[in-house]
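Descriptive analysis of the structure
Each chain, written out:
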Amino acid sequence: MTALPLLIVSLGVFTIGYRLYSKFLAAKVFVLDASARTPAVRLRDEHNYYPMSKWVLFGHHFAAISGAGPLIGPVLAAQFGFLPGLIWIVAGVVLGGAVQDFVILVASTRREGKSLAEIAKEEIGRPAGVACAVAILFIVIVALAGLGFVVVNALAESPWGTFTIAMSIPIALAMGSYMFGRHQGAHEAVRRATVFGVAALLAAVVFGKFVPEIPFLNHLFLLDRRWILIAMALYGFFASVLPVWLLLAPRDYLSSYMKLGTVAFLVLGIAFVNPRLQFPALTPFIHGGGPIVPGKVWPFCFITIMCGAISGFHALVSSGTTPKMISNECHARPIGYGCMLLEALVAVVCLLAASALHPGDFYAINVPPALYKTLGTAIGTPVNLENLTRQVGEATLVGRTGGAVSLAVGMAQVFGAIPGLAGLMKYWYHFAIMFEALFILTTIDAGTRIARFILQEFLGKVYRPFGRADWLPGNIFASALVVFAWGALIWNASISTIWPMFGIANQLLAAIALAVGTTVLIRMKKAKYAWTTLLPMAFVTVYF
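Below you will find a few notes about this structure. (Residues numbered from 1 in each chain as written. Predicted model: local features only at pLDDT ≥ 70, side-chain atom pairs only at ≥ 80, totals over all residues. Heavy atoms only, no water.)

1. Some remarks on the overall build of the protein
We apply this condition: By the criteria applied, helices consist of DSSP H or I runs no shorter than four residues and strands consist of E runs no shorter than two, each listed in order from the N terminus. We compute the radius of gyration over the C-alpha atoms and compare it with the globule rule, which gives 2.2 Å times the number of residues raised to the power 0.38. In this scheme, a residue with accessible area under 20% of its type's maximum is buried, one over 50% is exposed, and one in between is partly exposed, where area comes from a 1.4 Å probe on protein chains only. Per-residue and other accessible areas were derived by the Shrake-Rupley procedure at a 1.4 Å probe size, with only the shown protein chains allowed to occlude residues. His is not counted, nor are the chain ends, whereas Lys and Arg count as positive and Asp and Glu as negative. Where a charge lies is defined by one atom per residue type: Lys uses NZ, Arg uses CZ, Asp uses CG and Glu uses CD.
Across its full length, the protein holds 23 helices and zero strands. By the compact-globule yardstick of 24 Å for 544 residues, the protein fits well, its C-alpha radius of gyration being 22 Å. The principal-axis extents of the C-alpha atoms in the protein amount to approximately 60 × 55 × 40 Å. Burial analysis of the protein (544 residues in total) assigns 61% to the buried set. Carbon and sulfur atoms provide 69% of the accessible area of the protein, an area that totals close to 19900 Å². Looking at the protein, you have 37 positive and 22 negative side-chain charges, and the mean spots of the two groups are 6 Å apart.

Encoded structure:
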């Protein structure tokens, strides 16, 4: 089986879903109104509520929801074969994930940009709302720890990747100051800042490969896991406290160009190379006992692949930063539904890239060496691993668990198969590692700010000023508490403990979000359309 037919089918389903199903939701279920004044316009405070350009907000939202899930989950789920994951991604996003994101975004936009917990309290009742708020806060902390762990592992001992990520911060500050500080979001200012930002980021990527050869810069950016975590925590804190237009939104918008550009190139690479999938459609591990995910395909395929199909974390973004910046209610369709489809496309190409690796090579990378020795021929022997290791310039690829390294190798293998690029696999590999870290880090900053909103809403019941999103002491205290919580989890845990917790917590949050969405539709007297959220909620609840 080759990859191209599966890619074409996936793109066709996504196109039909957006053109027909999202139009039905926008026109019949919610009846979006372009003339309605959104919270960003009515409550504009220059800090959290700020009307954004449609495409700047699209970039922010896509960057905020696209974390480790669509990159790592499909790679790890390849253990079951490529078919279960592919079906779940394609069907799950059109009927479940994109629907959840869109429904919660519209519901929050029509409720002053309130969080999911506040919407639950308003629609279901105060006791349920308080319980929901506490559950969501704990879930989002676990989710941020799971996402952050992958960033730490990807950037540790990688001066190229660390330099590029670090440079994106001053570039974003300059963009934000120019676009929204001096010119208040004028279209021409956005265009100029975009050209500058993309060019500067590309220059940072190109220059980054020379950083290891410059002693001073190599010493500065060659950081171990602990220092990477500290640097990431400091960034998360400032991204949460500073005005949203200054750092968070422009950096996410800038990152979206790198994300979408790389994904588009990978799609074209798969279309051109049409690699043969070395993994079968189904493996014996669908019955359980797999070396990476020990459970059966039901329900562990759905838990392992989260963000690519449906993710409760997205509901926090859709009721967190995005509804406070949306300038036109009709933008909810491309932002809420469309961004989720793009994330599903990311998940599909990552699954195909991983499945193009020989199973023996795949397991040698993703299984701890001690366990790998005990399994022996049950998972196959490496075929191209020695050659791949030499081509990507690593000392060893054995036991590089977590999915990030195997995905980078799979991407490099696809790019390296393009005529004229075969000798550049080392650069493609390190670029892919940097891309993964950039992809995930944008979820950390938005997630920290969202957790701060939730914590402030909760603390506001004890001391009223905390409930004001523009109260600086409350912002600082809540942000510091959130960063300390997810940072401590990463410091003391491992991928084998955090990732299952992340998967379970994330899908539990999806069930909560869909339940709230169903209640919203019923309260709107749209009960005849409640099946749009009730059916995916029932499915998530059953497999959860």
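2. Structural notes on the packing of helix α20 (residues 425–459) against helix α21 (residues 472–492)
Using the following cut-off: Whenever a helix is involved, its axis is fitted only over the stretch in contact; in every case the axis is a line through C-alpha atoms, and angles between N-to-C directions fall within 0 to 180 degrees. If an angle is under 35 degrees, it is roughly parallel; if it is over 145, roughly antiparallel; if it lies from 65 to 115, roughly perpendicular; otherwise it is oblique. For any helix crossing, the convention is left-handed if the near helix is rotated counterclockwise from the far helix by under a right angle, and right-handed if that rotation is clockwise. Residue contacts are counted whenever heavy atoms from the two residues lie within 4.5 Å of one another. All amino acids are sorted into three groups, where Ala, Val, Leu, Ile, Met, Phe, Trp, Tyr, Cys and Pro are nonpolar, Asp, Glu, Lys and Arg are charged, and the leftover types, Gly among them, are polar.
Axis separation between α20 and α21 bottoms out at 9 Å; the angle between their running directions is 120 degrees. Regarding the angle of α20 to α21, the classification is oblique. For the crossing formed where α20 meets α21, the hand is right-handed. For the pair α20 and α21, contact is made by Ile444, Thr448, Ala451, Arg452, Leu455, Gln456 and Leu459 and by Gly474, Asn475, Phe477, Ala478, Ser479, Leu481, Val482, Val483 and Trp486, respectively. Within the contact of α20 with α21, the residues separate by chemical class into 10 nonpolar, five polar and one charged.

3. Looking at the side chain of Arg111
The cut-off we apply is this: Two N or O atoms form a polar contact when they lie within 3.5 Å of each other; inside protein one atom must be a possible hydrogen donor and the other a possible acceptor, and for residues adjacent in sequence the pair counts only when both atoms belong to side chains.
Relative to the elements of secondary structure, Arg111 occurs in the loop between α5 (82–109) and α6 (116–124). Within the structure, Arg111 has its side chain in polar contact with the side chain of Glu123 (distance 2.9 Å). When neighbours within four sequence positions are excluded, Arg111 is seen to be in contact with Ile119, Glu122, Glu123 and Val520.

4. Observations regarding the layout of surface pockets
Under the convention used in this document: With a 1 Å grid laid over protein atoms only, a set of points is called a cavity when a 1.4 Å probe fits there but cannot get out and a pocket when it is open yet has protein on both sides within 12 Å along at least five of seven lines; lining residues have an atom within 4 Å of a point. Grid points are joined across faces, edges and corners, and a volume is the space filled by probe spheres set on the points.
Of the pockets and cavities examined, the largest pocket occupies roughly 690 Å³. For the lining of the largest pocket, the elements supplying multiple residues, two or more each, are α7 (126–155), α8 (159–182), α19 (404–416) and α20.

5. Notes on α6
Of all nine residues that make up α6, seven are buried, and the element is covered over most of its length. Within α6, the full set of buried residues consists of Leu116, Ala117, Glu118, Ile119, Ala120, Lys121 and Glu123. At the exit of α6 stands Gly125, carrying a positive phi of roughly 135 degrees.

6. Regarding the environment of Ala515
For Ala515, the location among the structural elements is in helix α22 (residues 495–523). Its relative accessible area of 27% is what places Ala515 among the partly exposed residues.

7. Looking at the pattern of salt bridges
For clarity, the threshold we go by: Salt bridges are counted wherever a side-chain nitrogen of Lys or Arg sits within 4 Å of a carboxyl oxygen of Asp or Glu.
Within the structure shown, the criterion is met by 10 salt bridges. Note that Glu188 and Arg191 form a salt bridge whose closest N and O atoms lie 2.4 Å from each other. With a gap of three residues between them, Glu188 and Arg191 both fall in helix α9 (residues 187–208), about one helical turn apart. Under the relative-accessibility criterion, Arg191 is labelled partly exposed at 44%. For the salt bridge of Asp445 with Arg251, the shortest nitrogen-to-oxygen distance reads 3.8 Å. Within this pair, whereas Asp445 is found in helix α20, its partner Arg251 is found in helix α12 (residues 248–273), the two being separated by 194 residues in sequence. When salt bridges that share partners are traced, they join Arg111, Lys114, Glu122, Glu123 and Arg523 into one network.

8. Remarks on unusual backbone geometry
In the segment running from Trp298 into Pro299, the intervening peptide bond is cis, with an omega of 10 degrees. Positionally, Pro299 belongs in helix α13 (residues 297–304). Positive phi, close to 50 degrees, is recorded for Val31, a residue that is not glycine. When you line up the elements, Val31 lands in the loop between α1 (3–29) and α2 (39–42). You will see that Glu112, though not glycine, has its phi angle at about 60 degrees, which is positive.

9. Here's the deal with helix α16 (residues 359–366)
Counting buried residues in α16 gives eight out of eight residues, a clear majority hidden from the surface. Every buried residue of α16 is accounted for by Pro359, Gly360, Asp361, Phe362, Tyr363, Ala364, Ile365 and Asn366. If you follow the buried residues of α16, they end up packed against α4 (69–77), α15 (332–355), α17 (369–375), α18 (385–392) and α19.

10. Section: the side chain of Gln456
As for its placement among the helices and strands, Gln456 is situated in helix α20. Classification of Gln456 by relative accessible area gives buried; the value is 2%.

11. What to know about the packing of α1 against α5
Between α1 and α5, the shortest axis-to-axis distance is 10 Å and the interhelical angle comes to 20 degrees. It follows that α1 is roughly parallel to α5 by the angle criterion. Here α1 and α5 pass one another in a crossing that is right-handed. Across from Leu6, Ser10, Val13, Phe14, Gly17, Tyr21, Leu25 and Ala26 in α1, the residues of α5 making contact are Phe82, Leu86, Val90, Val93, Val94, Leu95, Val99 and Phe102. Tallied by class, the residues present in the contact of α1 with α5 amount to 14 nonpolar, two polar and no charged.

12. Overview of the packing of aromatic side chains
Filter applied, for reference: Pairing of aromatic rings covers Phe, Tyr and the six-membered ring of Trp, with a centre-to-centre limit of 6.5 Å; geometry is then stacked below 30 degrees between planes, edge-to-face above 60, and tilted otherwise. Here, over-ring charges are defined by two tests on the NZ atom of lysine or the CZ atom of arginine: distance to the ring centre within 6 Å, and angle to the ring normal within 35 degrees.
Tallied over the full model, the rule gives 28 aromatic pairs. The interplanar angle of 85 degrees and the centroid separation of 5.0 Å between the aromatic rings of Phe279 and Phe362 together place this pair among those described as edge-to-face. Of this pair, Phe279 sits in the loop between α12 and α13 while Phe362 sits in helix α16, and the two are 83 residues apart along the sequence. Ring geometry for Phe415 and Trp428: centres 4.6 Å apart, planes at 45 degrees, overall tilted. In this pair, Phe415 is assigned in helix α19 and Trp428 in helix α20, connecting sequence segments 13 residues apart. Judged by relative accessible area, Phe415 falls into the buried class, the value being 1%. Judged by relative accessible area, Trp428 falls into the buried class, the value being 16%. Here a set of aromatic residues connected by ring pairs shows up, and it is made of Tyr21, Phe24, Tyr529 and Trp531. In this arrangement the basic side chain of Lys324 is found over the ring face of Phe453, its NZ or CZ atom lying 4.5 Å from the centre. The residue whose ring lies beneath Arg333 is Tyr18, and the NZ or CZ to ring-centre distance is 4.6 Å.

13. A look at a nonpolar patch on the surface
This is how the line gets drawn: Every patch collects residues that have over 30% relative accessible area and no salt bridge, joining them within 9 Å if they carry like charges and within 5 Å if they are nonpolar side chains (Val, Leu, Ile, Met, Phe, Trp, Tyr).
A cluster of nonpolar side chains, Val206, Phe207, Phe210, Ile214, Phe216 and Leu220, forms an exposed patch at the surface whose accessible area comes to about 560 Å². Contributing elements (two or more residues each) for the nonpolar patch: α9 and α10 (215–221). Summarising the element assignment, Leu220 is placed in helix α10.

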